[in-house]
Amino acid sequence: MVGTSRFALNAYELVNEIKNGSISVEDYIASMFERIRKMDERINAYITLNEHALEEARIVDKALKGYTEWKGYSNGNGNGNSSILLGVPLAVKDNISTQGIRTTCASKMLEDYVPVYDATVVKRLKDAGAIVIGKTNMDEFGMGSTTEFSAFGVTHNPWAYERVAGGSSGGSAAALASCMAGIALGSDTGGSVRCPASFCSIYGLKPTYGLLSRYGLISYANSLECIGLMARSVLDLALMLKVTAGSDMQNDHTSIDADTSLSLDPESISPDIKGMRFATIREVVESEGIDEPVRDSMLDAISSVEQLGAIVEEVSIPSLRYALASYYTIAMAEASSNLARYDGIRYGYTEEPDGVAWNEFYSTIRGNFGSEVKRRIMLGTYVLSSGYYGRYYMKAQKARALIRDDMLKVLKDYDAIMMPTMPILPPRIGERVSDPLRLYNIDVCTVLANLAGVPALSIPYSMYNGLPIGVQFMARHLDEPLLLRIAYALESARCDKVRRCII
Amino acid sequence: MTKMSSDARVRIGLEIHCQLTALRSKLFCRCSADYRGKEPNTNVCPVCLGMPGTLPLLNRRAVEYAIMLALALNCKISKRITFYRKNYFYPDLPKNFQITQYNAYEHASVGVDGSLVLDDLNGSSKTIRIRRLQLEEDPGRLAYEGSIDTANYALVDYNRAGVALVEIVTEPDFDEPSEVRLFLNRLASILEHLGICNPALEGAVRCDANISIGEHARVEVKNINSFKDVERAVAFEITRQRSLASRGIEIRGETRHWDDARRITVQARMKEEEEDYRYFPEPDIPSIVVKEEDVEALRARMPELPYARVERFVKVYSLSSDTARILVNEKHLADLFEASTKYYDNARSIANWIVTDLKGYLERYASYDRNSKGDDGSSNSIFAKVTPRHIAELAMLVDSGKINRVTARQILQNVVASGMLPSAIVQGMDADMLSKKDELESIVNRVIEEERKAFMDALSNEKALNYLLGKVMRYSNGRADPKLALSMLKEKVADKSKGGK
Ligand SMILES: [Zn+2]
């Protein structure tokens, strides 16, 4: 393997090369850093690089020398997760805790914060042999859909530098699309993994709420958010899911004690979707907010899956019109409470406290949040205030229950719900940020899965004038294997039509 | 302005915080629940420091303990127990919200609508209603170099942050400060019997009181550190409010602090606006669905509670209900009593010995200790030495007439110091009571000879007789039976007055 193409290897291919000795992990990581140094100046995917990555790579290489035989993925059965991502460079969104590597949430408030522990998901990926290469850019505390609200600058879309990479996990998506990482972690509160995945032409999976432990994910909106998985191939996604899924009852009450025998082994993923029934949602299809190229791509996707033997029908979910209001009310309410801890007393940004009254100190310190974070904290504080709780927060929860029930009802009759990931093409940098409501509106298709807690996957589907367009599928709780099957079917059928990275 | 008569009804309500000191770990993390005496900020972890990304992990045993306490206080147990966030900024709160419970939108707290009966209220009884019982986390503590007024900054110690607290809120059903004290003693006994909280530990049980008279505004008194002070603070506040009311001065609804040095309540700093805690359900802890059978299983596992124990003591050991209550009020006394009866079957004698002599001794000793070293449950050290066998032997020796009570008390001191068995001590000090008349005779005669004047006075003055008795006791090194000695002295005096006439 020579040249730049080896950076475009899928993780499962890379692991094979590493295990059969064609690639030394140390060399690979070192040249990856070289690539990042060259390319990331224009893209700005990373906030911090892991200065221990080479050391860790050497450890992996050493361990490899003890290897005798690589038996293929069947080895990954049962308890054998220990090496299935051996040597794969992992990009981690900067709101996921990494021991010893600063974790900023792209906020001035945490610019010097170094966690003393690894998030459960990071720990599991590291145990499986992945090497954290760096921490990726994002909207501050996950609040945004474009990675423009970062204290560390905008992330540029590798497919079109003047456009956004999406958000809030924009850095992770851009790093994958530009081959500056092998796999990546994001977080998805209302689409934050799927939106940049769609804008950058990679896969972005928001798992079932609780399937991946949130322990170590720095809270923005607890009841909605999940750590999400991002990759350039379906099989990579399956490997990541296999490694990271499963209960973490020791740390996280909201993690699900799911049957870990979820059939996630890549070899068990069939590209066959014959007879599957998909629902499209009339309210989404007919929505005026959908760009023409996105609508065309969606129609094309429908005919693609039909050609693969699936049945697509249109249904109506009238409660969806409450989705954005419900989502933003709940998210901001939870955020206003979660972000209260950033007060400069225990960690993070601080100033001299001597002789300053508490309230004054708090105001000074907390003045360092970015404007979008301030907006959401204030709105969240408002909707929780006594007298308004019933009018906003409680109502939002009722709407959420309604939407969830309606979606689950549809998912009783259909295997999956199908819709565009994003209603628009990647906007130009600066195009949307000035108008918060217009910005919030682009989350219309993604927030549904978070409100209902169901898994959702954005699949890179097509290009329009060089700009990626994704298609999204949502399934029943814990039906990730079905989503992977759909994706695998589309990936196999369209391997010549979709590029998932640029070299 | 409404003038009010000074006999307008007083209403007192309590808000009591009890730490679940029997737990090994804090409410939401694995740090030790025992934070006392540790270096500041050493009993902490990412979770209880509220580090970014950490999640609370609910201590299931804490929930069980809280349910047990709720059952002991006759509460209804909520079908769904839900935690809420109470949002406010304060440096002792690592997350700037407290995980607690809140009942405004649903019955979320562990227990509601309970009651505790005060049945030893000078013969009558009274029911205090419990509004709710909830589980929550304790904040950290602030410390100042020098005093709060002169320090330039506050220091924060998070060792206590996250310790499990049960908050009990009563209805304003108390009329008298003395009822408050009775209630707290009864509650302490329940906590001890359940084995979930040691009320003797400093800060383990803390109490706020709200007091109002007639239709006047309610005043909350915080910062009360001991049960005794609760009674004092409430009494002070009633007097203060009555005095204001009688002069037609408005009583402001406010929060006051108890100043235990000056023994008065002082106005707390006024808040600029009413605090809005923005309660909402804690999204990181799913609601606990409580099944009837789980509650019944817990109920079945609960140890005997004070009321039942008092009843049993009366029935099984034929104690008076007063004696039984005094014993049960302090679990260690009741335990000592029951264990002692295994060595000596005169239960009433043992009970009396504990209730009068031992308790008196303990109170003197413990209060001395509390003042000098802080209240760390100092009677423990005594109980390490004074075992049921000691008590049984002392009672037995007194009952058999081998020693008198005065000697027995001296022996108790010796027991505390040496841990020796009373029978051995008695042998050693040759303390068999001088009960035979002829042995006493010589001492009595010697006293009468030496104290001629007192003896003459004793003919007309009872006090002089006591003086002589004291002398006899001293000459006998306390071994004389005071009853016998007194009757002998009286005989001598009677003989003298007869002979004199
Ligand atoms: Zn802790």
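Residues numbered from 1 in each chain as written. Chains lettered and ligands numbered in written order. Predicted model: local features only at pLDDT ≥ 70, side-chain atom pairs only at ≥ 80, totals over all residues. Heavy atoms only, no water.

What follows concerns the overall build of chain A. Along chain A, the regular secondary structure elements total 16 helices and 13 strands. For 503 residues, the compact-globule estimate of 2.2 N^0.38 gives 23 Å, and chain A sits close to it at 21 Å. Considered along the principal axes of its C-alpha atoms, chain A spans approximately 65 × 60 × 45 Å. Classification of the 503 residues of chain A by burial places 65% in the buried group. (Helix = DSSP H or I, 4+ residues; strand = E, 2+ residues; numbered from the N terminus. Rg over C-alpha atoms; globule rule 2.2 N^0.38 Å. Buried < 20%, exposed > 50% of the residue type's maximum accessible area, 1.4 Å probe, protein only.)

In terms of regular secondary structure, chain B is built from 16 helices and 16 strands. Taking the principal axes of the C-alpha coordinates as reference, chain B spans close to 95 × 55 × 50 Å. With 501 residues in all, chain B has 52% of them scored as buried. Long-range pairs, those at least 24 residues apart, make up 70% of the contacts in chain B with a sequence separation of at least 6. Here chain B displays about 23900 Å² of accessible surface, and carbon together with sulfur accounts for 48% of that area. (Contact = heavy atoms within 4.5 Å. Areas by Shrake-Rupley, 256 points an atom, 1.4 Å probe, with all protein chains shown as cover.)

Before going further, it helps to examine the coordination of the zinc ion. All names here are of chain B. At this site the zinc ion is bound by Cys-29 (SG), Cys-31 (SG), Cys-45 (SG) and Cys-48 (SG), with donor distances of 2.3 Å. One can describe the site at the zinc ion as tetrahedral: its 4 donor atoms subtend angles covering 102 to 114° at the metal. Donor residues for the zinc ion, ordered by position in the chain, follow C-x1-C-x13-C-x2-C. Residue Cys-29 is classed as buried on the basis of its relative accessible area of 9%. (Donors = N, O, S within 2.8 Å, 3.2 Å for Na, K, Ca; no water. Tetrahedral: all angles 85-135°; square planar, octahedral: opposite > 155°, others 65-115°.)

Before going further, it helps to examine the state of the cysteines. Summed over all chains, the structure comprises 0 disulfides over all chains. Summary of cysteine pairing: Cys200(A) is not part of a disulfide, and the nearest cysteine sulfur, belonging to Cys195(A), is at 8.6 Å. Here Cys18(B) is not disulfide-linked; the sulfur of Cys197(B) is the nearest cysteine sulfur, at 5.5 Å. (Disulfide = S-S within 2.5 Å.)

All right, on to the pairing of strand β4 (residues 84–87) of chain B then. All names here are of chain B. Alternating positions in β4 separate into two faces, Tyr-84 and Lys-86 on one and Arg-85 and Asn-87 on the other, with burial throughout. Sheet analysis places β4 next to strand β5 (residues 97–100), joined by 4 bridges and oriented antiparallel. For Asn-87, the partnering residue across the bridge sits in β5 and is Phe-97. Across 2 bridges, β4 lies against strand β15 (residues 280–281) in antiparallel orientation. (Pairing = 2+ DSSP bridges.)

All names here are of chain B. Here we have 9 strands laid out as an open sheet, ordered β2-β6-β7-β10-β1-β11-β12-β13-β14, and mixed in their pairing. The outermost strands of the open sheet, each flanked by one partner alone, are β2 (76–77) and β14 (264–267). Across the face of the sheet, helix α2 (residues 177–194) comes into contact with β1 (10–19), β6 (111–121), β7 (124–137), β10 (164–170) and β11 (205–213) while running at roughly 110° to β6. (Axes fitted to C-alpha atoms, helices over the stretch in contact; angles between N-to-C directions.)

Attention now goes to the environment of Leu421(B). Residue and element names in this part refer to chain B. Topologically, Leu-421 is positioned in the loop between α11 (405–418) and α12 (422–429). Residues Leu-421 and Tyr-307, spaced 114 residues apart in sequence, show a C-alpha to C-alpha distance of 33 Å. For Leu-421, the contacting residues outside a window of four places in its chain are Arg-389, His-390 and Glu-393.

Right, let's talk about the domain arrangement of chain B for a bit. Per the domain assignment, the segments making up chain B are domain 1 (10–296), domain 2 (305–399) and domain 3 (437–497). Look at where the C-alpha atoms of domain 1 of chain B and domain 3 of chain B centre, and you get two points 59 Å apart. (Domains from an automatic or database assignment.)

Let us look at the interface of chain A and chain B. Counting residues at the interface gives 43 residues for chain A, matched by 39 residues for chain B. Counting the surface lost from both chain A and chain B, the interface buries some 3400 Å², and carbon and sulfur atoms represent 57% of this. On the chain A side of the interface with chain B, the three residues burying the most area are His253(A), Arg341(A) and Trp358(A), jointly 21% of the side's total. Arg214(A) serves as the salt-bridge partner of Asp284(B), at 2.7 Å between the closest nitrogen and oxygen. (Buried area = accessible area lost by both parts, 1.4 Å probe. Salt bridge = Lys/Arg side-chain N within 4 Å of Asp/Glu carboxyl O.)

All names here are of chain B. According to the stated counting rule, one finds 61 salt bridges over all chains in the structure shown. The partner of Arg-85 in a salt bridge is Glu-282, and the shortest N-O contact between them spans 2.8 Å. Residue Arg-85 is found in strand β4, and its partner Glu-282 is found in the loop between β15 and β16 (288–289); the two are separated by 197 residues along the sequence. Glu-237 is the salt-bridge partner of Arg-256, the closest N and O atoms lying 3.7 Å from each other. Of this pair, Arg-256 sits in strand β13 (residues 255–259) while Glu-237 is found in helix α3 (residues 227–246), placing the two residues 19 residues apart along the sequence. In this structure, Arg-256 and Glu-237 share a single accessibility class: buried. When salt bridges with common partners are traced through the structure, they connect Glu-304, Arg-309, Arg-312, Lys-331, Asp-335 and Glu-338 into a single cluster.

What follows concerns the sheet that holds β4(B). If you walk across this open sheet you meet the 3 strands as β5-β4-β15 (chain B), and the pairing is antiparallel. Looking at the sheet topology across the chains shown, the edges are occupied by β5 and β15 of chain B.

Further remarks concern the confidence of the model for chain A. Predicted confidence across chain A gives a mean pLDDT of 92, with 94% of residues reaching 70 or more. When the criterion is pLDDT under 50, residues 68–79 of chain A qualifies, and its contacts beyond four places in sequence or with other chains add up to 14 contacts. (pLDDT = per-residue confidence, 0-100.)

Here we take up the nonpolar core. Of all hydrophobic cores here, the largest spans 104 residues; its most connected members are Leu85(A), Leu185(A), Phe278(A), Phe473(A) and Ile486(A). One finds Cys75(B), Leu133(B), Val166(B) and Ile238(B) within the second-largest nonpolar core, a separate group that totals 76 residues. (Core = buried A, V, L, I, M, F, W, Y, C linked by side-chain atoms within 4.5 Å.)

Another aspect to go through is the pairing of strand β13 (residues 467–475) of chain A. Residue and element names in this part refer to chain A. A large share of β13 lies buried, amounting to 9 of its 9 residues. Neither face of β13 is exposed, since Leu-467, Ile-469, Val-471, Phe-473 and Ala-475 on one face and Pro-468, Gly-470, Gln-472 and Met-474 on the opposite face are all buried. Relative to β13, strand β11 (residues 416–420) runs antiparallel, the two sharing 5 bridges. Bridged to Met-419 within β13 is Gln-472. Between strand β12 (residues 456–464) and the antiparallel strand that follows it, β13, lie 2 residues; Asn-465 among them carries a positive phi value of about 50°.

Positionally, Asn404(B) belongs in the loop between α10 (388–399) and α11. Polar contacts involving the side chain of Asn404(B) include one to the main-chain amide nitrogen of Val406(B), which spans 3.1 Å. (Polar contact = N/O pair within 3.5 Å; in protein donor to acceptor, adjacent residues only side chain to side chain.)

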